[in-house]
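Listed here are the chains, written in short residue letters.
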Amino acid sequence: MSTIDAIGGGVAGASSQAKRGILRNPANGLYRLMRWLAHCIERRRTRMSLLELTDDQLSDIGISRCDAYREGLRPFYD
């Protein structure tokens, strides 16, 4: 075992299954970050879809064009 492996706890020799588990562990900060980013992307996608609706479609769901623009132009992280 090399000195680097000893210091790192043998992480360099970890199996690919163990490495994939790092990304799937809910307690892992990287996992939470990836889920948050996915949520932000989905939120942005749905807001952009809202801007594509016609006035008739917006009135069907009870939203004015002004409300649709206000919601659709919000930043993805908000």
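Preceding block: the structure.
Quantities reported herein were computed from a predicted structural model and do not represent experimental measurements.

The rules behind the values
- Residues numbered from 1 in each chain as written.
- Predicted model: local features only at pLDDT ≥ 70, side-chain atom pairs only at ≥ 80, totals over all residues.
- Heavy atoms only, no water.
- Helix = DSSP H or I, 4+ residues; strand = E, 2+ residues; numbered from the N terminus.
- Buried < 20%, exposed > 50% of the residue type's maximum accessible area, 1.4 Å probe, protein only.
- Contact = heavy atoms within 4.5 Å.
- Areas by Shrake-Rupley, 256 points an atom, 1.4 Å probe, with all protein chains shown as cover.
- Salt bridge = Lys/Arg side-chain N within 4 Å of Asp/Glu carboxyl O.
- Polar contact = N/O pair within 3.5 Å; in protein donor to acceptor, adjacent residues only side chain to side chain.

Draft legend 1. Layout of the overall build of the chain. Of regular secondary structure, the chain possesses five helices and zero strands. In the chain, the succession of helices and strands from N to C terminus is α-α-α-α-α. Out of the 78 residues belonging to the chain, those deemed buried represent 10%. In the chain, once contacts between residues fewer than 6 apart in sequence are set aside, the share between residues at least 24 apart is 36%. Total accessible area on the chain is roughly 6,200 Å²; 59% of this is exposed by carbon and sulfur atoms.

Draft legend 2. Structural detail: the environment of Cys40. Relative to the helices and strands, Cys40 is located in helix H3 (residues 29-51). Classification of Cys40 by relative accessible area gives buried; the value is 0%. The sequence separation of Cys40 and Phe76 amounts to 36 residues, and the corresponding C-alpha distance is 5.5 Å. The residues touching Cys40, leaving out its near neighbours within four places in the chain, are Phe76 and Tyr77.

Draft legend 3. Just the pattern of salt bridges, in detail. What the rule picks out here adds up to six salt bridges. The partner of Glu71 in a salt bridge is Arg47, and the shortest N-O contact between them spans 2.9 Å. Of this pair, Glu71 sits in helix H5 (residues 65-72) while Arg47 sits in helix H3, placing them 24 residues apart in sequence. A salt bridge links Asp55 to Arg65; the nearest nitrogen and oxygen atoms lie 3.0 Å apart.

Draft legend 4. Local environment of the environment of Ile63. In this structure, Ile63 sits in the loop between helix H4 (55-60) and H5. Among the residues examined, Ile63 registers a relative accessible area of 28% and is labelled partly exposed. Expressed as a C-alpha distance, the spacing of Ile63 and Leu50, which sit 13 residues apart in the sequence, is 9.8 Å. Residues contacting Ile63, with those up to four places away along its chain left out, are Leu50, Leu58 and Ala68.

Draft legend 5. A look at the side chain of Arg43. Following the sequence through the fold, Arg43 ends up in helix H3. Here His39 takes part through its side chain, which lies 2.7 Å from a polar atom of the side chain of Arg43. Separated by 3.1 Å, the side chain of Arg43 and the backbone oxygen of Asp78 make a polar contact. Ignoring any residue separated from it by four or fewer positions in sequence, one finds Arg43 in contact with Phe76, Tyr77 and Asp78.

Purely spatial values, then, with no claim about function.
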